[in-house]
Amino acid sequence: MRIKILLLCLFSTVSALAQNVETDFDAPDSLFREDQFYLNITYNTLQKVPDGLQQTKFSPGFSVGFLRDMPINASRTFAVAAGLGYSLSVYNQNLGIFESNNTTTYEILNAEGVSVSKDKLSLHYVDLPVEFRWRNATPDNHRFWRVHLGVKLSYLVANQYKLVSTAGNLTNTNLNDLSKFNYGLYLSTGWNTWNIYAYYGFNPIFTSDAKIDGQTIDMNTAKFGLMFYIL
């Protein structure tokens with residue numbers, strides 16, 4: 001009987017305390033995290049190109065992914081972030097890529113009397129970005145300045161080359177002479193939604209097996225555009 005009375009008193013006390021506690025859903029979150037989803041749109045440029053190679057049209061890039069924000073100081077203005085993403089890089093240029101009998105050959109397309117309407121190389125990557133971050137965000141203000149410096153490792157998962165010309169059409173996929181792993185340094189900085197983005201790739205797009213007239217195609221890429229962060 002005494003146990004029942006004790007349990008009844010304890011339950012009544014807890015119920016009374018619970019009724020007096022109110023949750024403030026609008027209170028600032030002192031353990032906030034920033035910029036965990038990203039969307040990136042770029043213009044891709046080719047560097048260290050062979051003689052005669054030119055980009056013929058706008059070469060776009062697109063990437064999307066998730067970065068886990070991990071603050072490293074009490075005010076959470078400094079953080080590191082690591083994540084996973086997908087990117088597409090497109091290059092419109094005048095490099096011809098031809099395959100015959102399991103052999104790939106390369107040449108600059110400048111033949112007279114031949115009109116080329118499309119000469120496009122599309123590269124699909126899985127990205128592993130790691131960033132060091134600074135921002136002047138506070139728990140109750142998510143409109144802030146930011147500077148993100150990062151490195152990105154990319155693994156090539158698919159590729160396609162497409163040529164459309166008056167001399168004929170051609171489509172090749174899964175080319176073997178493209179570098180599987182690419183890595184580079186990038187910077188993203190801006191205010192609130194709008195952020196300027198720049199990336200420089202350190203290794204060539206093609207392997208040492210890709211050559212024009214015996215010379216290795218050592219060109220790499222630089223990208224410039226906008227970065228958008230969400231949450």
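These lines cover the structure that appears in this document, whether it is placed above or below. Bear in mind that the values here come from a model prediction, so they are computed numbers and not experimental data. (Residues numbered from 1 in each chain as written. Predicted model: local features only at pLDDT ≥ 70, side-chain atom pairs only at ≥ 80, totals over all residues. Heavy atoms only, no water.)

### A few points about the packing of aromatic side chains
(1) Moving on: Tallied over the entire structure, the rule returns 10 aromatic pairs.
(2) Moving on: With a centroid separation of 5.7 Å and an interplanar angle of 35°, the aromatic rings of Tyr186 and Tyr197 are classed as tilted. Residue Tyr186 is located in strand E9 (residues 181-191), and its partner Tyr197 is located in strand E10 (residues 194-201); the two are separated by 11 residues in the primary sequence.
(3) Moving on: Exposure remark for Tyr186: the relative accessible area of 3% places this residue in the buried category.
(4) Moving on: On the accessibility criterion, Tyr197 (2% relative accessible area) is buried.
(5) Moving on: An aromatic cluster is built from Tyr183, Tyr200 and Phe202, whose rings are joined through pairwise contacts.
(6) Moving on: Above the ring of Tyr199, the side-chain terminus of Lys152 is found at 4.9 Å from the ring centroid. (Phe/Tyr/Trp six-rings, centres within 6.5 Å; stacked < 30°, edge-to-face > 60°. Helix = DSSP H or I, 4+ residues; strand = E, 2+ residues; numbered from the N terminus. Buried < 20%, exposed > 50% of the residue type's maximum accessible area, 1.4 Å probe, protein only. Lys NZ or Arg CZ within 6 Å of the ring centre and 35° of its normal.)

### Remarks on the environment of Asp177
(1) Moving on: Relative to the assigned elements, Asp177 resides in the loop between strand E8 (168-173) and E9.
(2) Moving on: Given a relative accessible area of 11%, Asp177 falls into the buried group.
(3) Moving on: Along the sequence, Asp177 and Asp209 sit 32 residues apart, while their C-alpha atoms lie 6.1 Å from each other.
(4) Moving on: The residues contacting Asp177, other than those within four sequence positions of it, are Thr104, Tyr106, Phe206, Thr207, Asp209 and Ala210.
(5) Moving on: In this structure the side chain of Asp177 is engaged in a polar contact, spanning 2.9 Å, whose partner is the side chain of Tyr106. (Contact = heavy atoms within 4.5 Å. Polar contact = N/O pair within 3.5 Å; in protein donor to acceptor, adjacent residues only side chain to side chain.)

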